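Analysis of the macromolecular model
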Amino acid sequence: MNDSSWGSPPGAGPHAGYWGPTDQGPVQGAAPAGPAYDAPEAQQTRPMPIVPDVPAYGGDQDDDRGAARLSGPLFRDETFQDATFRDDSFRHEPTSAQPRAAAPQTQNPEPMPDAPQPASAPQKKSAGRDLGAAIGVGVGLGVVIVASLFVVKAVFVGVIAVAVVVGLWELTSRLQERKGIKAPLVPLAVGGAAMVVAGYVRDAEGAWVAMALTALAVLVWRMTEPPEGYLKDVTAGVFAAFYVPFLATFVAMMLTADDGPQRVLTFLLLTVVSDTGAYAVGWRFGKHKLAPRISPGKTREGLLGAVSFAMVAGALCMQFLIDDGTWWQGLLLGLAVAASATLGDLGESMIKRDLGIKDMGTLLPGHGGIMDRLDSLLPTAPVVWLLMVLFVGSG
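So, a few notes on the structure that sits alongside this text.

Cut-offs used in this document
- Residues numbered from 1 in each chain as written.
- Predicted model: local features only at pLDDT ≥ 70, side-chain atom pairs only at ≥ 80, totals over all residues.
- Heavy atoms only, no water.
- Axes fitted to C-alpha atoms, helices over the stretch in contact; angles between N-to-C directions.
- Helix = DSSP H or I, 4+ residues; strand = E, 2+ residues; numbered from the N terminus.
- Parallel < 35°, antiparallel > 145°, perpendicular 65-115°, else oblique.
- Contact = heavy atoms within 4.5 Å.
- Nonpolar A, V, L, I, M, F, W, Y, C, P; charged D, E, K, R; others polar.
- Expected span 1.5 Å × (residues − 1).
- Pairing = 2+ DSSP bridges.

1. A closer look at the packing of helix 6 (residues 230-255) against helix 7 (residues 260-285)
Running from amino to carboxyl end, helix 6 crosses helix 7 at an angle of 140 degrees, the nearest separation of the two axes being 7 Å. The angle between helix 6 and helix 7 places the two elements in the oblique class. Along the contact surface, helix 6 presents Val251, Met254 and Leu255, while helix 7 presents Gly260, Pro261, Arg263, Val264 and Phe267. In terms of residue class, the contact of helix 6 with helix 7 is built from six nonpolar, one polar and one charged.

The structure is reproduced here in structure tokens:
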């Protein structure tokens, strides 16, 4: 509207009261109301018809409604920032309709006050998951693991093998869905389960042999299909064999020691405590992002929480659970676990970001899939196994 007034000057002709181009040129000003009119002009004016209060303009009557909404009493709760002032319905063209008299206008109309906006309630931090379901599932898994760990060692080896097979299924399924990579699941599942058993029975030597045979089985199995995509499929298959079952084999190797159940329990406790410390401290105090391009939710404060919690738990576990262990060894063990668990979590976050997914699966309510729980456990297993051997021997 720029500096134009609402209306037409005296003597503007039959188009008085309209906005826009006319046969006598653009309208520049508004005619003052009252005695200021000349007598001849006053006789030519007609009273403005009463326009009923109607909703927002639209349809075939847009021109009349748009003009009517410009008169003072019809504004009601509208403001000058209302969207109607930016609509094209106010750019009227001259028509054969009878012109209306312009409403009087002051030189500097005061802007109407904006309607008060309701105060928004403060946003509460969200955990991002169903905590009730997550806690329930976590407690259930913990009971199964502890029961199998301290009753019969072989049963716990079976639990590891099942987790490995499910994790491989989730990983290969997501690779095929999101990237079209067909890593052969059958040789991976069979070889992965065999790898865990070989690590428990034959220690590190058995684990390496089973890993080599699994990789060979992946190469041969894929040969039964067309050669297109062979290289990427077998590469993904070998990666999956190393990432899931081979790293999980170190948990079975910990179990072979005389105090094997205590070592595995220490490994699980430190990893869980590290994750819990990172979550609790990061959720409450986190402000500085740790790796925003990989995992925007992780903070440096959360990492400090993971280190602090894990070191305290490590000192307690090494002092009271592990034969010949001391508290200072637990401090170093906790520090290493916090670092490896964080890197493992970031590593899987990188994979999921590349695949464009939030979780690897939906098998565990409140957690996602099995791989979403193994992400920090898998890379931590060889670290704990190695430090245990260095501190107290292979047992």
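Still to come is the rest of the account.
2. A word on the environment of Thr276
Mapped onto the elements of the fold, Thr276 is located in helix 7. Along the chain, Thr276 and Gly302 lie 26 residues apart, while their C-alpha atoms are 9.4 Å from each other.

3. A closer look at helix 9 (residues 327-355)
The terminal C-alpha atoms of helix 9 lie 42 Å apart, and with 29 residues this matches the ideal 42 Å at 1.5 Å per residue to within 8%. Gly356, located one to two residues past helix 9, shows a positive phi value of around 75 degrees.

4. Let's talk about the pairing of strand 2 (residues 295-299)
As paired strands, strand 1 (residues 289-291) and strand 2 are joined by two bridges and run antiparallel to one another. Residue pairing across strands places Lys289 opposite Thr299, the latter belonging to strand 2. In this antiparallel pair of consecutive strands, strand 1 and strand 2, the connection spans three residues.

5. A word on unusual backbone geometry
With phi around 60 degrees, Asp203 is a residue other than glycine that occupies positive phi space. Position of Asp203 among the secondary structure elements: in helix 5 (residues 185-222). Even without glycine at this site, Asp324 takes up a positive phi of about 65 degrees.

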